Amino acid sequence: MRGAVIAGVVPGQPPRVLKEAARYAKLLGAPLIVVHVDVTRFVTYEDPDGYVHSAPIDVDLMTGENALAQVMAEASEALAGRGVEWTVQQLVGDPALAMKHLGEQVDAKLLVIGTRRRGIGESIREFFTGSVAARLAHRQHRPILVVPLGEPIPDDEEIWPE
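The following refers to the structure shown. (Residues numbered from 1 in each chain as written. Predicted model: local features only at pLDDT ≥ 70, side-chain atom pairs only at ≥ 80, totals over all residues. Heavy atoms only, no water.)

With parallel pairing, the five strands of this open sheet are ordered in space as β5-β2-β1-β6-β7. Sheet topology places β5 (86-92) and β7 (144-147) at the edges, where each strand pairs with a single neighbour. Within the sheet, the average angular offset between the axes of one strand and its neighbour, ignoring direction, is 25°. Here four bridges tie strand β1 (residues 5-8) to strand β6 (residues 110-114), and the two strands are oriented parallel to one another. Each bridged residue has a counterpart across the sheet, and for A7 the counterpart in β6 is V112. (Pairing = 2+ DSSP bridges. Helix = DSSP H or I, 4+ residues; strand = E, 2+ residues; numbered from the N terminus. Axes fitted to C-alpha atoms, helices over the stretch in contact; angles between N-to-C directions.)

This is the structure in structure tokens:
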């Protein structure tokens, strides 16, 4: 998967991110790696051969497995007939750092992510953790495509509600 396009997705996300990622992978003549990052697990250590050992934050081990199964099903549907070689991988921990690390491992040509859903809960979470796009932009050198999801915010409306 050397030189792949990496698409970071979450279960239930609109298929637009996958479709844009596939379009760019095809344009670049690159394979596509669809990535789901399980934020309920964290990296404990990594073997010299690259195998990552992780541990759960939560005792519900099925959360990550269910999310991965949903991402695989959604990717199969969205990428059918797109004419691009693709695979799904599940990473663990912080989404920006996990995608950065994978990008380095495969020498990715492009990272593709979607915007967050709009709402006070998402705004608060993003305020404390920062956006994945912003953290990727400041922590690695690869180009990032941020795909807008949902309706755009009008110019006269605050992005961060008070």
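Residue position: G8 is located in strand β1. Residue G8 is classed as buried on the basis of its relative accessible area of 12%. Each C-alpha atom of the pair G8 and V132 lies 9.7 Å from the other, and the pair is 124 residues apart in sequence. Not counting residues within four places of it along the chain, the set of residues in contact with G8 comprises Q13, V17, V35, M99, V112, I113 and G114. (Buried < 20%, exposed > 50% of the residue type's maximum accessible area, 1.4 Å probe, protein only. Contact = heavy atoms within 4.5 Å.)

Let us look at helix α3 (residues 95-106). With 12 residues, α3 should reach 16 Å at 1.5 Å per residue; the first-to-last C-alpha distance of 17 Å fits that figure. Turning to α3, its buried residues are A96, A98, M99, L102, G103 and V106. Mapping the buried residues of α3 onto a view down its axis gives an arc of 165°, with all of them on the same face. Check the buried side of α3 and you find it contacts β1, β2 (32-38), β5, β6 and α5 (132-139). (Expected span 1.5 Å × (residues − 1). Arc of directions from axis to C-beta.)

Any functional reading would require information that these geometric values do not contain.
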